[in-house]
Amino acid sequence: MSDMPDNPISASVDFDREGVQHGFLKLPYSRDDSAWGAVMIPISVIQRGHGPTALLTGANHGDEYEGPVALSKLAQRLTAAEVTGRVIIVPFMNTPAFHAGQRTSPIDKGNLNRSFPGKPDGTVTEKIADYFCRTLLPLADIVLDIHSGGRTLDFLPFCACHVLPDKGQQARCEAGMRAFNAPYSMRMLELDAGAMYDTAAEQQGKVFVTTELGGGGSSSARSVAIAERGVHNLLVHAGILEGEVHTRESIMLDMPDASCFITSEHEGLLEMCRDLGDSVSKGEVIARIYDATRSGVAPMEYRAARSGLLAARHFPGLVRCGDTLAVIADVLA
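Residues numbered from 1 in each chain as written. Predicted model: local features only at pLDDT ≥ 70, side-chain atom pairs only at ≥ 80, totals over all residues. Heavy atoms only, no water.

## Some thoughts on the pattern of salt bridges
Point 1. Applying the stated criterion to the full structure yields 16 salt bridges.
Point 2. Residue Arg 306 is joined to Asp 330 by a salt bridge in which the shortest nitrogen-to-oxygen separation is 2.9 Å. On the criterion of sequence distance, the pair formed by Arg 306 in the loop between strand 16 (300-303) and strand 17 (308-314) and Asp 330 in strand 19 (residues 324-331) is long-range, its members being 24 residues apart. In this pair, the class of Arg 306 matches that of Asp 330, namely buried.
Point 3. Each of Glu 271, Arg 288, Glu 301 and Arg 303 takes part in salt bridges that share partners, so that together they form one network. (Salt bridge = Lys/Arg side-chain N within 4 Å of Asp/Glu carboxyl O. Helix = DSSP H or I, 4+ residues; strand = E, 2+ residues; numbered from the N terminus. Buried < 20%, exposed > 50% of the residue type's maximum accessible area, 1.4 Å probe, protein only.)

## Observations regarding helix 1 (residues 66-77)
Point 1. The end-to-end C-alpha separation of helix 1 is 17 Å, in line with the 16 Å expected for 12 residues at 1.5 Å each.
Point 2. Along helix 1, the residues classified as buried are Glu 66, Gly 67, Pro 68, Ala 70, Leu 71, Leu 74 and Ala 75.
Point 3. Tucked inside the fold, the buried residues of helix 1 contact strand 2 (19-28), strand 3 (38-48), strand 4 (53-57), strand 5 (85-90), helix 2 (95-100) and helix 6 (221-238). (Expected span 1.5 Å × (residues − 1). Contact = heavy atoms within 4.5 Å.)

## A short note on the UniProt feature "domain: Succinylglutamate desuccinylase/Aspartoacylase catalytic" (unreviewed entry) in the protein
Point 1. The UniProt entry lists residues 51-237 under the feature "domain: Succinylglutamate desuccinylase/Aspartoacylase catalytic" (unreviewed entry), expressed in the numbering used here.
Point 2. Each end of residues 51-237 is marked by a C-alpha atom, and these two atoms are 13 Å apart; helix forms 37% of the span and strand 17%. (UniProt positions renumbered as here; feature names shortened; annotations may be inferred.)

## A few points about helix 3 (residues 124-136)
Helical geometry note: an α-helix holds 3.6 residues per turn, so side chains three or four residues apart project in the same direction.
Point 1. The terminal C-alpha atoms of helix 3 lie 17 Å apart, and with 13 residues this matches the ideal 18 Å at 1.5 Å per residue to within 8%.
Point 2. Counted residue by residue, helix 3 has 10 buried out of 13 residues, so it is predominantly covered.
Point 3. Of all the positions in helix 3, only Val 124, Thr 125, Lys 127, Ile 128, Ala 129, Asp 130, Tyr 131, Phe 132, Cys 133 and Leu 136 are classed as buried.

## Regarding the pairing of strand 15 (residues 285-290)
Point 1. As judged from the 4 bridges shared by strand 13 (residues 268-272) and strand 15, these two strands associate in the antiparallel manner. Of the residues in strand 15, the one forming a bridge with Glu 271 is Arg 288.
Point 2. Across 4 bridges, strand 15 lies against strand 16 in antiparallel orientation. Each bridged residue has a counterpart across the sheet, and for Ala 287 the counterpart in strand 16 is Tyr 302. (Pairing = 2+ DSSP bridges.)

## Points about the sheet that holds strand 15
Point 1. Here we have 4 strands laid out as an open sheet, ordered 16-15-13-18, and antiparallel in their pairing. In this open sheet, the two strands that pair with only one neighbour each are strand 16 and strand 18 (318-319).

## Notes on the environment of Asn 7
Point 1. Along the chain, the position of Asn 7 falls in the segment before strand 1 (10-11).
Point 2. In this structure, the C-alpha to C-alpha distance between Asn 7 and Ser 219, residues 212 residues apart in sequence, is 34 Å.
Point 3. Every residue in contact with Asn 7, bar those within four places of it in the chain, is listed here: Pro 120, Lys 127, Asp 130, Tyr 131 and Arg 134.
Point 4. Of note is the side chain of Asn 7, whose polar atom sits 2.8 Å from the backbone nitrogen of Ile 9.
Point 5. A polar contact is formed between the side chain of Asn 7 and the backbone oxygen of Lys 127, at a distance of 2.9 Å. (Polar contact = N/O pair within 3.5 Å; in protein donor to acceptor, adjacent residues only side chain to side chain.)

## Some remarks on the domain arrangement of the protein
Point 1. When its domains are assigned, the protein resolves into domain 1 (10-253) and domain 2 (255-331).
Point 2. One C-alpha centre belongs to domain 1, the other to domain 2, and the line joining them spans 30 Å.
Point 3. Note on domain 1 versus domain 2: buried area summed over both sides is about 1400 Å², and carbon and sulfur give 73% of it.
Point 4. A per-residue breakdown of the area domain 1 buries against domain 2 is headed by Asp 154, Leu 156 and Leu 189, which together make up 37% of the total.
Point 5. Counting across the interface, domain 1 meets domain 2 through 4 residue pairs in polar contact (both at pLDDT 80 or more).
Point 6. Of all the elements in the fold, those that place two or more residues in the side of domain 1 that touches domain 2 are strand 7 (153-155), strand 9 (184-187) and strand 11 (251-254).
Point 7. In the side of domain 1 that touches domain 2, the residues fall into 11 nonpolar, 2 polar and 3 charged. (Domains from an automatic or database assignment. Buried area = accessible area lost by both parts, 1.4 Å probe. Nonpolar A, V, L, I, M, F, W, Y, C, P; charged D, E, K, R; others polar.)

Structural data, given as structure tokens:
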């Protein structure tokens, strides 16, 4: 780490200063329409006294909106007098992707959540990842990254944590997940966790909590309310805000292995045969894919490899080979 060059991102906020600050993470980016231009990533820091630090992020993927809405509202209204410790808010983590309404960056096609630990002398996306990994994550005690399904997936609204080698750390992450208190809580299996923000935070020993709060490339009044309530609960749980954790029943789910995922091996018109939240049985038809190039052809049927609850589904009506059609989760007692 000591041999690595400095990251070119500079912060217009002082992470050690008391009070409320709104500014930018400035990443120089020379391009055709702005030779000495920069990517300006909004950031807010609210700090008072000594206490834990929470790092709250949205738009790790640019087409997911619950985090940006809830965190923009929080940055506007949170005062230093309410806080014991520090809250760092980055509502639009992958700012280029967010402004384009895309999952990945239009600059370099980088998927920020698959770019960690990043490179200080790499692409724009890799530089953002490196700054978070080497500057922001070390400041944090608890990290919340708010996700939803974006334009291509739709989820039951759940908060999630991961199974970790350090069971003490896992227990702290689970406690944060339960405090967030989404309608569903998930022990989440990641098929490709190696370069994720989640993994970078967990490897630094942080309490890391994430979410999937809907999808379809938009947000709803319900999904934003879940995000706002969950952020408040987590900050109370961390001891940064005073008050009570507002709890209600949260159904505990588990994704224990790859059989939870149903992957398309065809291309065409998607018919979902079950809806989110439905109970499904092993062998039941979950989806059909119709050949969209001709009529009179029988569809391909996709069946559940396990029994459980339909926790996620492909969102657009057209599907391609390799797309995830559905995710079936176990319901834990």
